[in-house]
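# Analysis of the macromolecular model
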Amino acid sequence: MSVTIKSVSVVDAVEQHLKQQIATGKFQPGHQLPSERELQAELGVSRLPLREALARLQALGLIRIRHGKGAFVEKEVSTSALSDVLITLFNHQDQNRLRDLVEARGLLESEITALASQQATVAQLDALEKSLQEHVAAVEDPNLFADLDYAFHHELATIAGNSFLLLMHEALGPHIRSFLLTYSQSSEERLKAHQRNLALLHAIRSGDPKLASQRAREHLQPCLKSVAASTPKVHAGP
């Protein structure tokens with residue numbers, strides 16, 4: 001059996017090399033990359049493929065090119081760049097991908113809620129409860145309700161105090177909001193979602209991370225059922 005070895009373009013090779021240098025810490029966050037001339041000499045490439053590779057890294061949110069000053073490694077991962085990468089993964093016509101999104105969100109928010117139950121102050125919990133009161137008045141407005149619902153869960157992610165979990169939650173934000181608008185079609189469904197948020201907040205107030213984590217998983221069960229119900233069943237055989 002013959003094996004086909006895929007050739008790699010110069011641009012791809014330079015991009016991968018610089019990614020590796022950033023990943024291994026040779027180029028630290030906030031630090032400036034070597035000049036174009038230095039990189040050309042080090043990598044043995046011409047200016048055009050080097051500049052294209054640098055443009056790709058900037059599009060990915062890994063570096064920022066400052067004209068006249070050079071290229072710098074970003075201090076933080078760009079939430080918008082990460083969200084853009086996820087766009088093609090969550091087409092609402094692909095029910096399997098939607099199920100994956102809900103399951104991933106469940107894992108993410110389970111950890112967020114557990115941490116929030118340990119980190120939240122009384123003042124923060126009182127503010128969250130006050131914000132939930134606004135949700136009842138918004139159940140007739142799907143767009144406003146989706147915004148408020150996401151804001152509630154985003155605040156939990158902030159309170160949890162883990163920057164990586166917050167970043168991932170923010171990256172999923174547009175997809176979560178879109179999902180809410182797609183599957184919370186009636187005011188009755190939105191009111192049920194509001195009641196689940198209240199139960200979630202009550203579990204966080206208990207200070208019990210296991211209980212809070214369990215409530216977070218239960219919170220998303222209706223979403224999983226909605227996706228399953230809209231997924232066509234495939235019948236085997238005649």
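Only a predicted model underlies this, so the values are computations on that prediction, with no experimental measurement involved. (Residues numbered from 1 in each chain as written. Predicted model: local features only at pLDDT ≥ 70, side-chain atom pairs only at ≥ 80, totals over all residues. Heavy atoms only, no water.)

### As for the overall build of the protein chain
Secondary structure assignment for the protein chain yields 11 helices and two strands. What you see in the protein chain, going N to C, is helices and strands ordered as α-α-α-β-β-α-α-α-α-α-α-α-α. Residues counted as buried form 35% of the 238 residues belonging to the protein chain. Considering only intrachain contacts with a sequence separation of at least 6, the fraction spanning at least 24 residues in the protein chain is 69%. About 14200 Å² of surface is accessible on the protein chain, with carbon and sulfur atoms providing 54% of the total. (Helix = DSSP H or I, 4+ residues; strand = E, 2+ residues; numbered from the N terminus. Buried < 20%, exposed > 50% of the residue type's maximum accessible area, 1.4 Å probe, protein only. Contact = heavy atoms within 4.5 Å. Areas by Shrake-Rupley, 256 points an atom, 1.4 Å probe, with all protein chains shown as cover.)

### Some points on the environment of leucine 33
Here leucine 33 shows up in the loop between α1 (10–23) and α2 (36–43). The exposure class assigned to leucine 33 is buried, which follows from its relative accessible area of 4%. Leucine 33 sits 15 residues away from leucine 18 along the chain, and the two C-alpha atoms are 9.4 Å apart. If sequence neighbours within four positions are ignored, leucine 33 has contacts with Phe27, Leu54, Ile63, Ala71, Phe72 and Val73.

### Here's the deal with the pattern of salt bridges
This structure, assessed with the given rule, holds 13 salt bridges. The residue arginine 205 makes a salt bridge to glutamate 129 at a minimum N-O spacing of 2.9 Å. With arginine 205 in helix α9 (residues 187–205) and glutamate 129 in helix α6 (residues 122–137), this pair connects stretches of sequence that are 76 residues apart. For arginine 205, a relative accessible area of 34% translates into the label partly exposed. Overall, the relative accessible area of 35% leaves glutamate 129 in the partly exposed class. For aspartate 147, the salt bridge is made with arginine 177, and the minimal N-O distance between the two is 2.5 Å. Placement of aspartate 147 in helix α7 (residues 142–160) and of arginine 177 in helix α8 (residues 163–183) is noted, with a sequence separation of 30 residues between them. In this structure, a network of salt bridges that share partners links the residues Asp12, Glu15, Lys19, Glu52 and Arg56. (Salt bridge = Lys/Arg side-chain N within 4 Å of Asp/Glu carboxyl O.)

### Description of the packing of α1 against α2
Their axes nearest at 12 Å, the elements α1 and α2 cross at an angle of 105°. The orientation of α1 with respect to α2, classified from their angle, is roughly perpendicular. Judged by residue contacts, Val14, His17, Leu18 and Gln21 of α1 engage Leu39, Glu42 and Leu43 from α2. Here the residues of the contact of α1 with α2 sort into four nonpolar, two polar and one charged. (Axes fitted to C-alpha atoms, helices over the stretch in contact; angles between N-to-C directions. Parallel < 35°, antiparallel > 145°, perpendicular 65-115°, else oblique. Nonpolar A, V, L, I, M, F, W, Y, C, P; charged D, E, K, R; others polar.)

### Considerations on the side chain of histidine 194
By secondary structure assignment, the location of histidine 194 is in helix α9. When near neighbours in sequence (up to four residues on either side) are disregarded, histidine 194 contacts Leu132, His135, Val136 and Phe145.

### Some details on the nonpolar core
Ile112, Phe152, Leu156 and Ile204 are the most contacted members of the largest nonpolar core, which totals 32 residues. For this core, the secondary-structure elements that each account for two or more residues are α5 (95–119), α6, α7, α8, α9 and α10 (209–219). Leaving out residues up to four positions away in the same chain, phenylalanine 152 has contacts with Leu128, Ser131, Leu132, His135, Asn197, Leu200 and Leu201. Core analysis: the second largest hydrophobic core is formed by 15 residues, Val45, Leu50, Ala53 and Val73 among them. (Core = buried A, V, L, I, M, F, W, Y, C linked by side-chain atoms within 4.5 Å.)

### Notes on the confidence of the model for the protein chain
Caution applies to low-pLDDT parts of the model: their predicted coordinates are not meant to be read in detail. Mean pLDDT over the protein chain: 83, with 84% of residues reaching 70 or higher. Within the protein chain, no element has a lower average pLDDT than helix α4 (residues 79–86), which sits at 60, and none a higher one than α2, at 94. Overall, residues 233–238 carries pLDDT values under 50, and its contacts beyond four positions in sequence, including any with other chains, amount to zero contacts. (pLDDT = per-residue confidence, 0-100.)

### Brief notes about the environment of glutamine 32
As for its placement among the helices and strands, glutamine 32 is situated in the loop between α1 and α2. Those residues in contact with glutamine 32 that lie beyond four places of it in its chain are Lys69, Gly70, Ala71 and Phe72. Within polar-contact distance, the side chain of glutamine 32 engages the backbone oxygen of lysine 69 at 2.6 Å. (Polar contact = N/O pair within 3.5 Å; in protein donor to acceptor, adjacent residues only side chain to side chain.)

### Structural notes on the packing of α7 against α9
Orientation of α7 relative to α9, taken along the N-to-C sense of each, is 15°, at an axis distance of 11 Å. Classified by the angle between their axes, α7 and α9 sit roughly parallel to one another. The handedness of the crossing between α7 and α9 is left-handed. Counting all contacts with α7, which are made through Pro142, Phe145, Asp149, Phe152, His153 and Leu156, the residues of α9 involved are Arg190, Ala193, His194, Asn197, Leu200, Leu201 and Ile204. For the contact of α7 with α9, the class distribution of residues is eight nonpolar, three polar and two charged. (Left-handed = near helix turned anticlockwise from the far one by under 90°.)

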